[in-house]
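# Topology and contacts: notes
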Amino acid sequence: QASRSHLPAAYPVSGGLDSSAVFATAHQLAGKGALPAPGVRAYTSLGPPGTAADETAYARAVARHCGVSLTEVEAHEADLAWFTRMHQVHLDMPTMPNGANHIAMERKVAADGSRILVGGQGGDQWLEGTYNYYNEDLLALDWRGLATSFAADLPVMGLPMAL
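Along each chain, the written sequence defines residue order, and numbers are assigned to residues from 1. Given that the model is predicted, a residue must reach a pLDDT of at least 70 before its local features are reported, and side-chain atom pairs must reach 80 or more before they are shown or counted; all residues, however, enter totals for whole chains, interfaces and linings. The basis for the side-chain values is all heavy atoms of the structure; hydrogens and waters are excluded.

Here we come to helix H2 (residues 56-66). Buried residues are those whose accessible area, probed at 1.4 Å on protein chains only, stays under 20% of the maximum for their type, while exposed residues exceed 50% and partly exposed ones sit between those limits. Secondary structure follows DSSP: runs of H or I at least 4 residues long count as helices, runs of E at least 2 residues long count as strands, and numbering of each begins at the N terminus. Three or more residues of H2 are buried, namely Thr56, Ala59, Val62, Ala63 and Cys66. One side of H2 carries all its buried residues, which in axial view fall inside an arc of 130 degrees. For H2, the exposed residues set more than 90 degrees away from the buried face come down to Ala57, Tyr58, Arg64 and His65. Considering only its buried residues, H2 is in contact with helix H1 (17-31), strand S2 (40-46) and strand S3 (70-74). Directions pointing from the helix axis toward each C-beta atom define the arc. Note on definitions: a residue-residue contact is assigned when non-hydrogen atoms from the two residues lie within 4.5 Å.

Quick look at the structure:
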């Protein structure tokens, strides 16, 4: 389990369904003594107020619903020079811009004594789905399944997207 720790487990909470659901589930499990960690902590990155990156109201609503405190951390604002330095230091691609804003939160989690940060990565893809079903039909030589999927996608997405 990703939450197994001898220290409280930390969870990022944002406006997304995935992080909120993961945190709320962990909080409920901790309340029942079924989480393999001695507690949960909620964190959020503060995006610039009034922008799409400002998900504070949602994160606060989740914390209120669960009856827990929420640690709010100013988002790490990385400019192009920062990404260039990270590339030079690590000789690799730097983190994606939307991932870099969590660096300050990750540092705060570590400073608060947690050693794991359990997120909801992949939740959107799981709920929204992908086009892998085309690949699965092709690999299985399931021409009927491929035709059915394409016929269902065509009126919704249009020909360019369905292809």
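Counting 16 residues, the largest nonpolar core has Tyr11, Val13, Phe23, Leu35, Val40 and Leu70 as the members making the most contacts within it. Contributions of two or more residues to this core are made by strand S1 (9-12), H1, S2 and H2. Here this core takes four residues from H2, the largest share from any one element. Other than its neighbours up to four places away in sequence, Val40 contacts Ala9, Tyr11, Phe23, Ala26, His27, Ala30 and Leu35. For our purposes a nonpolar core is just a set of buried Ala, Val, Leu, Ile, Met, Phe, Trp, Tyr and Cys residues, chained together by side-chain atoms within 4.5 Å.

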